Amino acid sequence: MRRLSIAAGIVIAFLAGWVAGSGCLSVRLAATPTTLPARTPIATNTPSLAPIAQLSPPASASPVTLPAPAPTGDFATAIEQVAAQVIPAVVYVSVRAIVPGLFGFGQIQEGVGSGVIFDPRGYILTNDHVIAGAQEIRVVLSDGRQFSGRVLGRSPSNDIAVVKIDGANLPVAPLGDSDQLRVGQWVVAIGNALGLEGGPTVTAGVVSALDRTIDPGFGEPAIGPLIQTDAAINPGNSGGPLVDLAGRVVGINSAKIQTAEGIGFAIPINKAKEIVQQLLEARPRAYLGITSVSVTPALAAAYGLPVQRGVLIVDVAPDSPAERAGLQPGDIIVRVDDRDVTRTDELQAILAAHQPGDQVTIVVNRQGREQTFPVTLGSAPVIQ
């Protein structure tokens, strides 16, 4: 695993660790992330499922009608109405797994987390770290109904998983557009904090920052870009929705800083949509194999970067297309196929327009000099 060292103090680190059995990931925060593990793309033969690009129910489905979103001008009751609208679609996820124990004997370990139903066919979004290694998954709705869940697909590098339950008249939470989020915007986090009885809990706060990257540490992959929020995300909240005041899911709660107050993270829902589409359709997605952050004038000034705009490569996954092409941590991507690149979302949009096996030409600024690298894109690593 290779680490990027641009300048002293570039990483603001906190002690990291898993909260055992809590379904919540505790992390250290990296101003620029530092790790990404090896991820070998896995060939899948899972049958294609119905596409969900528009996330609209099939003709035979009868989704539950939920309360209308809160009026935008009525902040006094907005959070109350958002909670009433979304809570029915938030589920409690109970997981049992067999893990190695003393002297090699298997032990049963239990954990809890959250999820949100986004499609009336019973598709649930949650975190990969909530269900990883599960031998048994139980899903409980706020109305008391219980179902056996099965994993349809996982993306460990993005901490996203899709779980399926079979039931009728399932409540559904509408998905929003995380690209429209603004720093300072009010959001609400919903989930099963601490696995307490009585159903999901609700916390409120604002979008503190966008385009964050976190490093869980201990050999875990860097994850980003993420939404940072001061809405409390406690153990058990992982996998639950982060919603705006119109009741739309804009993120999937994922992690908190163990040693700090008011710093939690959620996966942008637009990123989750991409992963869900790939998982449910068994559709390969172009893969470069880097962890990156957007270069800003402030970042460039603070760390003496040679350019003020671009995409800084923080880490390169071993045996990835990026590594095989010769890209390195510290390189700043400035162009792809003669298109200027100034932010990570622009790079992601370019990659999304390609298929695995396509060749792209990437121009990077390496220590003040531009270099060109032809890269053959791979398939994004997912598990189905």
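Up top is the structure these notes are about.
Everything numeric here is computed off the predicted structure, so don't read it as measured data.

### Re the overall build of the protein
Then, in step 1: Counting secondary structure elements, the protein contains 6 helices and 22 strands.
Then, in step 2: Within the protein, the proportion of its 384 residues that are buried is 51%.
Then, in step 3: Sequence separation of at least 24 residues holds for 64% of the intrachain contacts in the protein that already meet a minimum separation of 6.
Then, in step 4: Total accessible area on the protein is roughly 16500 Å²; 51% of this is exposed by carbon and sulfur atoms.

### Some points on helix H1 (residues 75-86)
Then, in step 1: Taking 1.5 Å per residue, 12 residues should reach 16 Å; H1 reaches 17 Å between its end C-alpha atoms and fits that length.
Then, in step 2: For H1, every residue scored as buried is listed here: Ala-78, Val-82, Ala-83, Gln-85 and Val-86. Across the axial projection of H1, the buried residues extend over an arc of 165°, all falling on one side. Facing away from the buried side of H1, by more than 90 degrees, are the exposed residues Ala-76 and Glu-80.

### Focus: the environment of Leu-175
Then, in step 1: In this structure, Leu-175 sits in the loop between strand S8 (160-164) and strand S9 (186-191).
Then, in step 2: Judged by its relative accessible area of 18%, Leu-175 is buried.
Then, in step 3: The sequence separation of Leu-175 and Lys-273 amounts to 98 residues, and the corresponding C-alpha distance is 8.8 Å.

### Brief notes about the nonpolar core
Then, in step 1: Counting 34 residues, the largest nonpolar core has Leu-125 and Val-249 as the members making the most contacts within it.
Then, in step 2: Tallying contributions element by element places helix H3 (residues 269-281) first for this core, with 6 residues.

### Some details on the side chain of His-129
Then, in step 1: Looking at the secondary structure, you find His-129 in helix H2 (residues 128-131).
Then, in step 2: Residue class for His-129 comes out buried when judged on its relative accessible area of 14%.
Then, in step 3: A polar contact is formed between the side chain of His-129 and the side chain of Ser-238, at a distance of 3.2 Å.

### Some thoughts on the pairing of strand S7 (residues 146-155)
Then, in step 1: Alignment of strand S6 (residues 136-140) against S7, held across 4 bridges, turns out to be antiparallel. Among the inter-strand pairings, Val-139 is bridged to a residue of S7, identified as Phe-147.
Then, in step 2: Taking the residues that link successive antiparallel strands as the turn, the S6-S7 hairpin has 5 residues, and the phi of Gly-144 there is positive, at about 95°.
Then, in step 3: By the bridge criterion, 5 bridges tie S7 to S8 in an arrangement that is antiparallel. Note on S8: the bridge partner recorded for Ser-155 is Ile-160.
Then, in step 4: Counting the residues in the hairpin turn of S7 and S8 gives 4 residues, including Asp-159, whose phi is positive at 55°.

About the thresholds
- Residues numbered from 1 in each chain as written.
- Predicted model: local features only at pLDDT ≥ 70, side-chain atom pairs only at ≥ 80, totals over all residues.
- Heavy atoms only, no water.
- Helix = DSSP H or I, 4+ residues; strand = E, 2+ residues; numbered from the N terminus.
- Buried < 20%, exposed > 50% of the residue type's maximum accessible area, 1.4 Å probe, protein only.
- Contact = heavy atoms within 4.5 Å.
- Areas by Shrake-Rupley, 256 points an atom, 1.4 Å probe, with all protein chains shown as cover.
- Expected span 1.5 Å × (residues − 1).
- Arc of directions from axis to C-beta.
- Core = buried A, V, L, I, M, F, W, Y, C linked by side-chain atoms within 4.5 Å.
- Polar contact = N/O pair within 3.5 Å; in protein donor to acceptor, adjacent residues only side chain to side chain.
- Pairing = 2+ DSSP bridges.

What is shown is where atoms sit, not what they do.
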